[in-house]
Amino acid sequence: MTAPIALGLNLLLGIAGGIAVGGGVIALFVVLDMVPRLAQLTSSYDKVHWYEGAMVGGSLVGTVSDFWNWKITSGPLVELGVGLFDGIFVGMLAAALTEVLNVLPILAKRLNMTHYLFGLLMAMVSGKVAGSLFDWFVYRQ
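Within every chain, residues take consecutive numbers counted from 1 along the sequence as written. With the structure being a predicted model, the display of local features is reserved for residues of pLDDT at least 70 and the display and counting of side-chain atom pairs for 80 or more, all residues being used for whole-chain, interface and lining totals. Heavy atoms throughout the structure, all of them, feed into the side-chain values; hydrogens and water do not.

### Description of the nonpolar core
One finds Phe29, Leu32, Met34, Leu93 and Ala96 forming the largest nonpolar core, which totals five residues. If you list the elements that add at least two residues to this core, you get α1 (3–32) and α4 (76–101). Sequence-distant contacts of Leu93, defined by excluding residues within four places in its chain, comprise Leu28, Phe29, Leu32 and Met34. Only buried residues count toward a nonpolar core. Its members are Ala, Val, Leu, Ile, Met, Phe, Trp, Tyr and Cys residues joined through side-chain atoms within 4.5 Å. Under the scheme applied here, a residue whose accessible area is under 20% of the maximum for its type counts as buried, over 50% as exposed, and between as partly exposed, the area being computed with a 1.4 Å probe on protein chains only. Helix numbers and strand numbers start at the N terminus; a helix is a DSSP run of H or I with at least 4 residues, a strand a run of E with at least 2. Residues are treated as being in contact if the distance between any of their heavy atoms lies within 4.5 Å.

Laid out in structure tokens, this is it:
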């Protein structure tokens, strides 16, 4: 296969992958009503278009960076900031899923643990943190 054809095929696959992944992520956010809920919590209804643009742009940049194996070669402070924003994103997504599906109240009610709901939530958070730390410091080495 010649170089221009390979480049064109890579570009086509990258754009198609970005559209597919970005569309799926945005559809999930629309189903979960994350943007209106975020605007409601922050009292920033006039910034909804900025939230939507940031989510679409972030999905596209994330897909392209994964496709071309972009690396961040900077100091630990920048990597710490990126990790912090990644954690905030995952936490907001998990909170939105939990809020929409009412997972915790249903689980606590079925297990007769309504009085221990705070402990159940702390156990879930601690497990997530412990699993992430294990993945970063033990599993990936």
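### A word on helix α3 (residues 48–67)
An expected span of 1.5 Å times one less than the residue number is assigned to each helix. Compared with an ideal rise of 1.5 Å per residue, which puts 20 residues at 28 Å, α3 spans 29 Å between its outermost C-alpha atoms and is within 8% of the ideal. Where α3 is concerned, the buried positions are Ser59, Thr63 and Val64. Viewed along the axis of α3, the buried residues span an arc of 125°, placing them on a single side of the element. Of the exposed residues in α3, those oriented more than 90 degrees away from the buried face are Trp50, Ala54 and Asp66. In the stretch just after α3, Asn69 is the one whose phi turns positive, near 55°. Arc definition: directions from the helix axis to the C-beta atoms.

### Notes on the UniProt feature "transmembrane region" (unreviewed entry) in the protein
UniProt positions are given in the numbering used here, feature names are shortened, and annotations may be inferred rather than shown by experiment. In the numbering used here, UniProt assigns the feature "transmembrane region" (unreviewed entry) to residues 12–36, 80–104 and 116–139. Taken end to end, residues 116–139 is 96% helix and 0% strand, and its first and last C-alpha atoms sit 32 Å apart.

### A closer look at the packing of aromatic side chains
Centre distance and the angle of the planes are the two values used to describe a pair of aromatic rings. We call Phe, Tyr and Trp rings a pair once their centres come within 6.5 Å, taking the six-membered ring for Trp, and we label the pair stacked below 30 degrees between planes, edge-to-face above 60, and tilted otherwise. One pass over the full model with this rule turns up one aromatic pair. Summarising the aromatic geometry, the rings of Trp68 and Trp70 are spaced 6.5 Å apart at their centres and angled 25° between planes, so their arrangement reads as stacked. Since its relative accessible area comes to 45%, Trp68 is described here as partly exposed.

### Digging into the domain arrangement of the protein
Throughout, the edges of the domains are those of an automatic or database domain assignment. When cut into domains, the protein gives domain 1 (1–71) and domain 2 (73–140). Relative placement of domain 1 and domain 2: their C-alpha centres are 23 Å apart. Each reported salt bridge corresponds to a side-chain nitrogen of Lys or Arg within 4 Å of a carboxyl oxygen of Asp or Glu. Taken together, domain 1 and domain 2 are joined by zero salt bridges. Residues adjacent in sequence count toward polar contacts only when both atoms are side-chain atoms; beyond that, a polar contact is any pair of N or O atoms within 3.5 Å, and within protein one must be able to donate a hydrogen and the other to accept it. Linking domain 1 to domain 2 there are zero residue pairs in polar contact (both at pLDDT 80 or more). Looking at the side of domain 1 that touches domain 2 residue by residue, the classes come out as five nonpolar, no polar and two charged. For this classification, the nonpolar set comprises Ala, Val, Leu, Ile, Met, Phe, Trp, Tyr, Cys and Pro, the charged set comprises Asp, Glu, Lys and Arg, and every other residue, Gly included, is treated as polar.

### Notes on the pattern of salt bridges
Per the counting criterion, the structure on display carries one salt bridge. Close ionic contact of Lys47 with Asp46 constitutes a salt bridge, the shortest N to O distance being 3.2 Å. Residue classification places Asp46 among the exposed residues on the basis of a relative accessible area of 58%.

### A closer look at unusual backbone geometry
One non-glycine residue, Asn69, adopts positive backbone phi at about 55°. Tracing the backbone through its elements, the reader meets Asn69 in the loop between α3 and α4. The exposure class of Asn69 is exposed, given its relative accessible area of 53%.

### Remarks on the side chain of Ser44
Within the fold, Ser44 resides in the loop between α2 (34–42) and α3. Overall, the relative accessible area of 10% leaves Ser44 in the buried class. Among the polar contacts made by the side chain of Ser44, one reaches the side chain of Tyr51 at a distance of 2.6 Å. Contacts of Ser44, omitting those with residues within four sequence positions, involve Ala39 and Tyr51.

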